[in-house]
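A closer look at the structure
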Amino acid sequence: MIAGGVTLGVGLGLATAAGVLGGRMLDIWREAAALYEANGPIGPGAVADQSAALARDYHRLQAPMLTTAVIGGSALVVGAVLTGIGAKRLARATSRAALLPAPGGLVLHARF
């Protein structure tokens, strides 16, 4: 259960990071599209430099976004499986335990 919870937490963090990177990539793409619409395919030299800088930023963020998305998604799946297996084992283990009344109070009877 603990390993599943930790893995789920790591997966959630990586998926969130991938979402943030994807949002930044979308902002860069929108900025480049607005620049293209304002100046057309052929613009002044400063516009071409700005467009190239936006393209570099977009391509620079592609690999980290894809990597964190794949690893985060995989960690979420593995964490869900580990948590499910742990919950099933925990439910089976607690069903064998018994709380029984005794003359001085209650007795916990379990198999270890």
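For the structure, see preceding data.
Residues numbered from 1 in each chain as written. Predicted model: local features only at pLDDT ≥ 70, side-chain atom pairs only at ≥ 80, totals over all residues. Heavy atoms only, no water.

**Considerations on the nonpolar core**
Spelled out, the test is: Take the buried Ala, Val, Leu, Ile, Met, Phe, Trp, Tyr and Cys residues and link them wherever side-chain atoms come within 4.5 Å; each set so joined is a nonpolar core. For the exposure calls, accessible area comes from a 1.4 Å probe over protein chains only, and a residue counts as buried if that area is under 20% of its type's maximum, exposed if over 50%, partly exposed in between. The way it works is that DSSP assigns letters per residue, a run of H or I at least four long becomes a helix, a run of E at least two long becomes a strand, and they are numbered from the N terminus. By definition in these notes, contact holds between two residues if any of their heavy atoms fall within 4.5 Å.
With six residues, the main nonpolar core is built from M25, I28, L35, V47, L54 and L61. Residue assignment for this core shows that the elements contributing at least two residues are α1 (2-39) and α2 (45-95). Each residue touching V47, except ones within four places of it in the same chain, is listed here: L35 and N39.

**Brief notes about the side chain of T68**
Spelled out, the test is: Here a polar contact is recorded for every N or O atom pair within 3.5 Å, except that within protein the pair must consist of a potential hydrogen donor and a potential acceptor, and residues adjacent in sequence are included only if both atoms are side-chain atoms.
As for its position among the elements, T68 is in helix α2. Here T68 falls in the buried class, since its relative accessible area comes to 17%. Only 3.1 Å separates the side chain of T68 from the backbone oxygen of M65, close enough to count as a polar contact. Apart from the residues lying within four places of it in its own chain, the contact partners of T68 are L14, A17, A18 and L21.

**Concerning the pairing of strand β1 (residues 98-102)**
Quick note on the threshold: Two strands qualify as a pair provided that DSSP identifies no fewer than 2 bridges between them.
As paired elements, β1 and strand β2 (residues 105-109) share five bridges and run antiparallel to each other. Each bridged residue has a counterpart across the sheet, and for L100 the counterpart in β2 is V107.

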